[in-house]
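Listed below, chain by chain, are the residues.
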Amino acid sequence: MRKSFKLGVSAALALAISAAAGLAENIKIAFIDPLSGPFASTGTNGLHQFEFAAETMVNANGGVLDGQMFEVVGFDNKISPKESLIQLQVAIDQGIRFIAQGNSSGVANALTEAIDKHNRRNPDDRVLFLNYAAVDPALTNDKCNFWHFRFDANADIKMDAITDSIAANEEIKKVYVIGQDYSFGKAVASAAVRFLGEKRPDIEIVGNELHPIGKVKDFTPYSRKIVASDADAIITGNWGADMLGLGKSIVENGYTGPIYTYYAAGSGITAAFGETGKGTIRLVGEGQVNPPASDSAADYYTAFKEKYPDGNVDQSRITNVIGMLAQAINEAGTADDVVAVAYALEGMEYESMWGGTVLMREKDHQAIQNVHIHEHTDEDIAFDYDNSGFGIKVVKTVEMAAAESETTCNMRRP
Amino acid sequence: MDLVLVNLIDGLVTGLLLFMLSAGLTLIFSMMGVLNFAHASFYMLGAYFAYQISLAFGFWMGLLIAPIMVGLLGAGVERYGLRRVHQYGHVPELIFTFGLALLIEEVVQFIWGKNQMAYDIPEVLQFTAFSIAGNSIPAYKIFMIFISIAIFIGLLYVLTRTRIGMIIQAALSYPRTVEALGHNVPLIFMGVFGVGTALAGVAGVIAGPVLGTFPGMAFVLGSIVFVTIVIGGLGSLWGALVASLLIGWLTTFSKAYNLRMEDFLTFIGFSRPDPIWDSAWRDLWTITSPQVADILPYILMILILIFRPYGLFGKRDV
Amino acid sequence: MTDQTASANMRAGSMTLSLMPWIVAALVLVLLPQIFTANSAITIMNQMAITIIFALAYNMLLGQGGMLSFGHAVYMGVGGFACVHIMNMDDFFASIPLVVLPIFGGLFGMGLATIVGSFSTRKAGTVFAMISLGVGELIAACSVIIVAFFGGEEGISGDRTYAMPTFGVEFLQQIEVYYLIAFWLLISAALMYLFSRTPVGRMANAVRDNPERAEFLGYSARWVRFYSFVASGFFAGIAGGLFAINYEILTEENLNATSSGTILLVTFLGGVGFFFGPILGAIAFTLLQTVLSLETELWAFYAGALFVATVMYFPGGLAGLIMMHVPAIRLGKGSRLILPYIRTLVPAAICILGAAALIEMIFHYRHAFAGDEEMTLFWITFNSHDVLPWIVAVGLTLAGFFTARATAPALLEAWGDANTPDRMQV
C-alpha cells in the first residue's frame, strides 16, 4: 500500500514539474520571493514590476538577440531559506539561468552561497543571481562571489546618504538609533554610529538600541525613551509592521523631528502612515518617483498604474535589472553562457529611466547609482503609493553615492 | 520619577488589554478544559470586523456590533466544531483550535488581503488627555483603560452575583453534578465560549487602531495569552488580571530602562573579556533588557510551571 | 460506530513485526531516483525523507507517549546547527566521513532533550505542552540574540564536500546526498520502530493511556516519558543533521514556532495512531507545500482546511483512514466497497474541486490586476469575468454535493455490510 502510494505521489510530482517546464524558447528569469504568507504583498508587487518591465522594456521592443523574449517565472519561497533552495533547484531544472530575489538578506545569503556551490559543482548549468533588494553589506564584501550582482544600494551606501543629510543640518545635535535585533538592524546601527562619528563628531548618539524583530506588540515604552532623550533625529532600519508600529507610536507620543529610515513606503505602509507620517518620515532610496525624472519614467509609471491599479512602482531598480540584463545578453551575444553575460554586466554603465547612470562596479558587483533622501508627503506628488494620496518626494540627492567606497570583496573569476 | 508614572500607565494599558483576552480564555479553559489556541484569532477577527463596519457606520457601531459577531462565530465554532472533537479527548481539541488559528489567518488574508488596514482611532478621541513632564498620554489610552475596567467589573458581577454566574461557577468545579441538577451544560459551554470569544473581539476592536490591523496580529499576540493564564492560574479571573498586569509592567519597564547584562555580570564578579567581539560569550555580555523584554514572560512561565504548576492564583493543576 | 473505530485507531500498534515492509521500502528508496531523475524531484524527495524522520521522532511523543509538544523544532534545529559547526571545523570534519555526521546531530538533540526533559516530563498534558511552548519560544528568540552559535537571522552555513570522502564519493551531487539520506531514513525508521517494541516503548503507550495504572504496575510514568522524550530528541537531531547536509545552511527558521507547528500538522495529518502514519503525512504535506504552492497562492488555505477537516472527521489521519479498511479486507469483503465508494467519492471529489475552483475564481476576481480577466484552472483557460465559468463551477459543486449526499447512505450500508461477518448464510 505504501509503495503504490509513493509511486502515485511521485508520478504526480513528476507531472507537476514537467507541466511547469514548458518550452525553452524564451529567456526565463526565476523570481524567487514570497508570494504567500505575511510578506506576500511585497513579493507579488515585485513580481508584477518584473513582469511589467520585461514586457514593456524588452518584449515590446522585439526582445533580445534574434527576437528572444524575456519571461519572468514566479516561485514562492514563503520567505524561508529552505524553501528558496528547493525552488532554486526547481528553477534550475526548468533550464532557468537567471535568478532574481530581493526580500530578506537571510534568504539572499542562503541563495548566494547555494548558487556559488552549485556553479562550482555543476559547470554545465551555471546560473546568475540578480539581487534586486537585499542590502546586507556582507553580500558584496566578505560573502561576495562572481555570480551575485546587487542592483540596490547596500545598507552602508544608504546610511552614507542619510548621514550626509543629517550632517548638513546644523540643528541636529542629538540622534537616536533604534532597530530590529538581527543582522540588518545591527548593520544599520553600526554604520550610523561610524558615519556620524566621521562626519559630525559633535553629534551625540543619545540612544542606540535593538528590539526583538516582529515580536513587539506595543512600541510605547521605546517611544517614551526616545521622546525623553530629546533626540533631534531618529535613524531606524525597521521594516514592515515594526516600522509602522514604531513610527506611529513615536509620533503619537509627541515627537516632531525627522525619522530617517529605509523601508517605510508602499505595501500598505504609506497608506497606514497617512497624515501621521507627514513631515516626519524621511526615506533613503534610489530611483526618483516624484517629481518624475523623465517623461519616459512618467509614461512607464502611468502605464503600470493602468495595468495594476492597486500596485506601486516602489522598487524602481527592477527596471534597471531588466534593462541591464538585456543589454548584457545583447553584448555577450548569448543567453546560455552565463559567464559571458556576467562579464558583460561587470563594469556596465546604464542610463536609468529614473535619472542618472547605474554603474555595476567590477570589483564587488555592487551597483553604484544616485541615492536620494525622500520625504513622505501629499504635496507635489505625481504618483502616490497605495492610492492614498501620499507618496514620497525627493528632497536631496547624492550623485553616484559611495562610488569610491572600499570593499573587502576578493572575487574569484572563472 | 515622572517617567515611572508614565510607564506605569503604559504598562497598565498593555496589561489590561492582555487581560481582556486572557479573561475569556481562562473562562473557556476552566469550563471546558481546553486551551483555545485560536483565541487570538478571534481578537484579530474583532479588529477586522470592526474595521469593515467602521468604514460604513463609524467606529462606535464597530465597537458595538463586531464583538457580537465574533461571539456568535465563536459559539458556532463551539457548537459545530469543538463539540464534535470533544469526544476524541483533550489533545485533539487543542490540535483543532491550533488548526483553526491557521485557517482563520488564511481566511482573513483571503478576504482582506495581506496589507495592514487603515483602521484608525475615532476623531473624537484623537487628542492628548494630559501630559506628564512632556510625555503625552493620548485620550484613547484612557478610553482603553476604562473599557477594560468596566468589562472586568461586569464579569465579576455576573460571575459572583447572578444566577447564571453561580451555575457557571458550579460547573467549573463540579460539571457532572451541575448536569445532574438538570442544567444544560452543553448550552452553558456554548455560551461561555461565545462570551469568551466576544471579549477577545472587544479587545481586537479597541486594540486594532493602536497595535495595527494586519494578518499577523493574532500570531504576534498568540502565545503570550496562554502564558498569561498559565502564570495567573488556570480558571482564575483574579489570577488572569494579576498576571496580565504583571506581564504588562514587566515588559514595559524592561523596555523603558536599559539594564545591561554587562553591568550585572561585572557586579557579581566576572570581568569583561577583552576584546569583546572575539569572546564566545560576547552575546551574553551585550544583552540588554529591551532585547529580551518580550521573552521574559516565557521564562516566568517555565519557572512557574516547574515550581508552582497551578499558577499564582490557581486552585488546580494545569 | 465510526467514532469507536476512530478512537480505537488513535491507539498505536497493530502492525505485525515482519521484514517484508522494510525490504519493500528499501527497494522503493533505491528505485525512486531511477524513475525521477530530475534534480528538483530528488531535492523534494530529500526534503520528504528529512520530514519523515522528524515526523516519526515527533510521533514518538505525540502518538506513542501522548505528549503534545509545541516546540519540537528546536531539537532538530540544535542538532542541525551543531552539525554545521562541525562542518566548519576544518581538520576534524576532514577526518570523518560525511555519513556519520548525523550521529553528532542526534547526540546534540539528545543532549538538549535531556536537559529540557529533566523538568518538562514531570507532567504530561497541558503542563508539558506549555513548557514545550515556552522553551521553544525561548530558544527561537535566543537564535537571533546568541549570534555566536546561531548566526543571527541569516544563520550559519557550511560545505559538506570538505568531509572525508566515503568510498570516493564527495557528495557533490544531489543524487549522492539522496542515497545518504535514504540510508539514514531506513536506519532511523527501523530503530524508531524497534524502540516502540521495547519495554520502554510499550510502557510509553501504557503511560499515555493510564498513567496511574502504569504507576501501580511499578513503572515511574515520569521516567518512561523522559526516556521517550530523550529518544525523540535524538532522532529529531538526526533529522537536523541530514538537513544540514542537504541544505548546508541552518537559520532561525529551523527553530521557530512555525516549524514546530508544521511538524504537528504533518504528524497529525498522517495519523498518530500508526507507526507509518507520519510517513504518509510527511509525503502528503511536502507535496502540498512544494508542488501545490507552484500552482496556487492559496495552498496554505487548503492545507489549513484539510487539517481542520482531518481533526474533525478523521482523527486517525490518513493512516487511520487506510487502516479502517483492514477488517473489511480481512473478511474478504473489501471489494464490495469499491462500487459504493466510486458512487460517493467521485461526486464528493467533484464537489471539492468545484468549491476550490470557486475559491480560486473569487480570489482571482478580487485580487488580479485590472484587464487581466483570463485565468487558467485545471488546464482550462477562461475569462473570470464571464458568467459561464461561475455557473459551471457552482453547478459542479452543487451537483457533486447533492449526489454525494444521496449516495452516502448506500455507502454507509455497504460499509456496515462489509464489516459484518456473514453469519446468516452459514
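What counts as what
- Once a new chain begins, its residue numbering starts again from 1 and follows that chain's sequence as written.
- Throughout, the order in which chains and ligands are written sets their labels, letters from A for the former and numbers from 1 for the latter.
- pLDDT decides what is reported in this predicted model: residues at 70 or higher carry local features, side-chain atom pairs at 80 or more are listed and counted, and totals for whole chains, interfaces and linings draw on all residues regardless.
- What counts as a helix is a DSSP run of H or I of at least four residues, what counts as a strand is a run of E of at least two, and both are numbered from the N terminus.
- The atom set for the radius of gyration is the C-alpha atoms, and the globule formula is 2.2 Å times the number of residues raised to the power 0.38.
- Burial is judged by counting other C-beta atoms within 10 Å of a residue's own C-beta: 20 or more means buried, 12 or fewer means exposed, and anything between counts as partly exposed, with every C-beta placed from the backbone.
- Contact criterion: two residues are in contact if their C-beta atoms, reconstructed from the backbone, are within 7 Å.
- Here the nonpolar group is Ala, Val, Leu, Ile, Met, Phe, Trp, Tyr, Cys and Pro; Asp, Glu, Lys and Arg are the charged ones; every other residue, Gly included, is treated as polar.
- For each domain, the first and last residues come from an automatic or database assignment.
- What counts as an axis is a line fitted to C-alpha atoms, over the stretch in contact for a helix, and the angles between N-to-C directions run from 0 to 180 degrees.
- Orientation is classified from the angle alone, with under 35 degrees giving roughly parallel, over 145 giving roughly antiparallel, 65 to 115 giving roughly perpendicular, and any other angle giving oblique.
- Crossings are sorted by hand: turned counterclockwise from the far helix by less than a right angle, the near helix makes the crossing left-handed, and turned clockwise it makes it right-handed.
- We treat two strands as partners when DSSP finds at least two bridges between them.
- Among buried residues, those of type Ala, Val, Leu, Ile, Met, Phe, Trp, Tyr and Cys that are joined through C-beta atoms within 7 Å form a set called a nonpolar core.
- The pLDDT score gives, residue by residue, the confidence of the prediction method on a 0 to 100 scale.

For chain C, the count of helices and strands is 19 helices and four strands. A globule of 426 residues ought to have a C-alpha radius of gyration of about 22 Å, and chain C, at 24 Å, matches this closely. Its C-alpha atoms put chain C at 65 × 65 × 45 Å along the principal axes. For chain C, the residues scored as buried account for 49% of the 426 residues in total. Sequence-distant contacts in chain C: of pairs separated by 6 or more residues, those separated by 24 or more amount to 80%.

A few words on the overall build of chain A. Each helix and strand counted, chain A has twelve helices and 15 strands in total. Referenced to the eigenvectors of the C-alpha coordinate spread, the extents of chain A come out at roughly 65 × 55 × 45 Å. Looking at chain A as a whole, 61% of its 414 residues are labelled buried. Looking at chain A alone, contacts between residues at least 24 apart form 72% of all its contacts between residues at least 6 apart.

Right, let's get into the interface of chain A and chain B. If you look at the interface, chain A gives 31 residues, while chain B gives 29 residues. In terms of residue class, the side of chain A that touches chain B is made up of 14 nonpolar, nine polar and eight charged.

So, about the domain arrangement of chain C. Each assigned domain of chain C is listed here: domain 1 (2-324) and domain 2 (327-418). Put simply, the middle of domain 1 of chain C and the middle of domain 2 of chain C, counted by C-alpha atoms, are 34 Å apart.

The next thing to look at is the interface of chain A and chain C. Counting from both sides, the interface comprises 42 residues of chain A and, opposite them, 43 residues of chain C. At the level of elements, α1 (2-21), α3 (81-93) and α4 (105-121) of chain A are the ones that each hand at least two residues to the side of chain A that touches chain C. With twelve residues, the top contributor of residues to the side of chain A that touches chain C is α1 of chain A. Across the side of chain A that touches chain C, the residue classes tally to 21 nonpolar, ten polar and eleven charged.

The next thing to look at is the packing of helix α9 (residues 217-232) of chain B against helix α10 (residues 237-256) of chain B. All names here are of chain B. Two numbers describe how α9 lies on α10: the axes approach to 8 Å, and their chain directions differ by 120°. When the interaxial angle is binned, α9 and α10 end up oblique. Handedness of the crossing formed by α9 with α10: right-handed. Note on element contacts: α10 touches α9 through G239, A240, V242, A243, S244 and I247, opposite T228, I229, I231 and G232.

Attention now moves to the pairing of strand β2 (residues 135-138) of chain B. All names here are of chain B. Both strand β1 (residues 128-132) and β2 contribute to a ladder of four bridges, which runs antiparallel. Bridged to F130 within β2 is I137. Between the end of β1 and the start of β2, which pair antiparallel, lie two residues, with A133 showing a positive phi angle near 50°.

Before going further, it helps to examine the sheet that holds strand β8 (residues 233-236) of chain A. Residues and elements named next belong to chain A. The strand order β7-β6-β8-β9-β10-β14-β15 describes an open sheet built from seven strands, whose pairing is mixed. Strands with a single pairing partner mark the edges of an open sheet, and in this sheet they are β7 (204-211) and β15 (391-398). Sheet twist, expressed as the average angle between the axes of neighbouring strands with direction ignored, equals 25°. Across seven bridges, the pairing between strand β6 (residues 174-180) and β7 is parallel. Bridging across to β7, G179 finds its partner in L210. Against the sheet, helix α5 (residues 155-168) makes contact with β6, β8, β9 (259-261), β10 (281-285), β14 (371-377) and β15, and its axis sits at roughly 65° relative to β14, the strand it touches most. Across the sheet, helix α8 (residues 240-252) touches β6, β8, β9 and β10, and the angle it forms with β9 is around 170°.

Residue and element names in this part refer to chain A. One open sheet holds the three strands; their spatial order is β11-β12-β13, and the pairing between them is antiparallel. Two strands in the sheet have a free side with no partner beyond their single neighbour: β11 (349-351) and β13 (367-368). Relative to β13, strand β12 (residues 357-360) runs antiparallel, the two sharing two bridges. Note on β13: the bridge partner recorded for L359 is I368.

Here the focus is the nonpolar core. Note on soluble globular proteins: their nonpolar side chains tend to be buried together. Core analysis: the largest hydrophobic core is formed by 341 residues, its most contacted members being A30, I99, L128 and L130 of chain A together with I53 and A239 of chain C. A per-element tally of this core places helix α3 (residues 39-65) of chain C first, with 17 residues. Ignoring any residue separated from it by four or fewer positions in sequence, one finds A239 of chain C in contact with I50, I53, F54, A57 and M76 of chain C. In terms of nonpolar packing, the next biggest core, distinct from the first, is built from five residues, M203, A204, V207 and A221 of chain C among them.

Okay, the environment of R222 of chain C next. All names here are of chain C. Relative to the helices and strands, R222 is located in helix α12 (residues 221-247). The exposure class assigned to R222 is partly exposed, which follows from the 16 C-beta atoms found within 10 Å. Along the backbone, R222 and Y75 are 147 residues apart, and their C-alpha atoms lie at a distance of 20 Å. Ignoring sequence-local partners within four residues, the contact set of R222 consists of T121 and R122.

Moving on, we come to the packing of helix α3 (residues 59-86) of chain B against helix α4 (residues 90-112) of chain B. All names here are of chain B. Contact geometry of α3 with α4 gives a least axis separation of 8 Å together with a crossing angle of 140°. Where α3 crosses over α4, the handedness of that crossing is right-handed. Contacts from V77, G81, L82, V85 and H86 in α3 reach P92, E93, F96 and L100 in α4. Grouping the amino acids of the contact of α3 with α4 by side-chain chemistry returns six nonpolar, two polar and one charged.

Residue and element names in this part refer to chain A. Segmenting chain A into domains produces domain 1 (2-153 + 311-368) and domain 2 (156-285 + 370-398). For domain 1 versus domain 2, the separation of C-alpha centres amounts to 30 Å. Taken together, the contacts link eleven residues of domain 1 with 14 residues of domain 2. With three residues, helix α2 (residues 40-58) is the largest single contributor of residues to the side of domain 1 that touches domain 2. Partitioning the side of domain 1 that touches domain 2 into residue classes produces two nonpolar, seven polar and two charged.

All names here are of chain A. Within chain A, residue pLDDT values average 85, and 94% of them lie at 70 or more. Scored below 50 in pLDDT, residues 1-12 makes 14 contacts in the model with residues more than four places away or belonging to other chains. In this model, residues 14-24 is a region of pLDDT below 50 whose contacts with residues beyond four sequence positions or in other chains number 13 contacts.

Residue and element names in this part refer to chain C. Overall, the prediction assigns chain C a mean pLDDT of 83, with 92% of residues at 70 or greater. pLDDT under 50 marks residues 1-16. Its contacts with residues more than four places away, or in other chains, come to 26 contacts. Listed scores for the predicted complex are pTM 0.83 and ipTM 0.82.

Let us look at unusual backbone geometry. Residue and element names in this part refer to chain A. Residues N290 and P291 are joined by a peptide bond in cis, for which omega reads -15°. By secondary structure assignment, the location of P291 is in the loop between β10 and α10 (295-307). Here D380, not a glycine, exhibits a phi torsion of approximately 55°, which is positive. Tracing the backbone shows D380 in the loop between β14 and β15. Its 9 C-beta neighbours within 10 Å are what place D380 among the exposed residues. Even without glycine at this site, D386 takes up a positive phi of about 55°. Since 24 C-beta atoms lie within 10 Å of it, D386 is described here as buried.

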